[in-house]
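In case you want the letters, here they are:
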Amino acid sequence: MLVQFFIEKYKKKEPIMKADILKLINRKYKEQFPEILRRAAERMELVFGLELKETNGSNNSYDLISQLDVTKGGSLCGGMGLPKTGLLMTLLGVIFVNGNRATEKDIWEFLNALGIYAGRRHLLFGELRKFITKDLVQDKYLEYRQVPNSDPPCYEFLWGPRSQAETTKMKVLDFMAKYNDTVPSSFPALYEEALRDEEERAGAKVEATASSTPTASASSRAKSSSFSHIW
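Residues numbered from 1 in each chain as written. Predicted model: local features only at pLDDT ≥ 70, side-chain atom pairs only at ≥ 80, totals over all residues. Heavy atoms only, no water.

Q: Would you mind showing me how to read the overall build of the protein chain here?
A: Secondary structure summary: the protein chain contains nine helices and six strands in total. Looking at the protein chain as a whole, 36% of its 231 residues qualify as buried. A fraction of 51% describes how many contacts in the protein chain between residues 6 or more apart in sequence connect residues 24 or more apart. Accessible area of the protein chain: about 13900 Å², with a carbon and sulfur share of 54%. (Helix = DSSP H or I, 4+ residues; strand = E, 2+ residues; numbered from the N terminus. Buried < 20%, exposed > 50% of the residue type's maximum accessible area, 1.4 Å probe, protein only. Contact = heavy atoms within 4.5 Å. Areas by Shrake-Rupley, 256 points an atom, 1.4 Å probe, with all protein chains shown as cover.)

Q: Would you mind going over unusual backbone geometry with me for this structure?
A: Comment: phi is negative for the bulk of residues other than glycine, and the bulk of peptide bonds are trans. Backbone torsion omega between Asp-151 and Pro-152 reads 5°, so that peptide bond is classified as cis. Mapping Pro-152 onto the fold places it in the loop between β5 (142-146) and β6 (155-159). Phi angles above zero are rare outside glycine, and Lys-13 is one such case at about 55°. The residue Lys-13 is located in the loop between α1 (2-12) and β1 (16-17) in this model. According to the relative accessible area criterion, Lys-13 is exposed, its value standing at 75%. Its identity is not glycine, yet Asp-181 carries a phi of approximately 55°, on the positive side. Locating Asp-181 in the fold gives a position in the loop between α8 (169-179) and α9 (188-230). Residue class for Asp-181 comes out exposed when judged on its relative accessible area of 62%.

Q: Can you walk me through a negative patch on the surface in this structure?
A: Taken together, the side chains of Glu-192, Glu-198, Glu-199 and Glu-200 define an acidic patch exposed on the protein surface. Counting through the fold element by element, Glu-199 comes out in helix α9. Its relative accessible area of 58% is what places Glu-199 among the exposed residues. (Patch = residues over 30% accessible without salt bridge, like charges linked within 9 Å, V, L, I, M, F, W, Y side chains within 5 Å. Salt bridge = Lys/Arg side-chain N within 4 Å of Asp/Glu carboxyl O. Lys, Arg positive; Asp, Glu negative; His and termini not counted. Charge placed at Lys NZ, Arg CZ, Asp CG, Glu CD.)

Q: Can you walk me through α1 in this structure?
A: Here α1 has its buried residues at Leu-2, Phe-5, Phe-6, Ile-7, Lys-9 and Tyr-10. In the core, the buried residues of α1 are packed alongside β1, α2 (18-24), α3 (33-48), β2 (50-54) and β3 (61-66).

In short, the description is geometric, and any link to function would need to be established separately.
Okay, structure coming up:
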């Protein structure tokens, strides 16, 4: 019931008020409110890739925020007004777990275990094979290519440039951990790799900032010099 309430609020772009949530919960369960809210929020995240965030410090209202940018339209915008981000995060997780590349067989074996099959139209995600091998590839969330020297030819998936820009290995690992009701550090090798990825990203940001500083300083000096000539 609470998940359906969240879905309606997201589709209408309305804030989620704590008072409204409490009205939906039977009085005898009000003491379990934090746990009930946590479970509903977790389901929204795992299915739709939507995180429940407080909109103020008093816990009186919440908003649902997509883990990836769905404001520009494209393949992640579902026909029912709900994003397909949760499925993409799942695919990115399968790729990460398999050494940053997953064969088409790996992907479908995992999805089949979730009850999602190629050639069978899904209520939320539509025609899955087209969505995964064409739509997500066209929008650069995934890279889909033939495995080198494979005979007969087989194909594999990698993270696309847009996924690399909009999310991180740590965020995907956190998503996977929630799916398995555990924490990221429960996967030591993946956690170490995700930490290295965070460090590399932080280092790249510092380098980018440092490289732009001399240019900014030179521009500032030039403007100051020009300004002094006016006086």
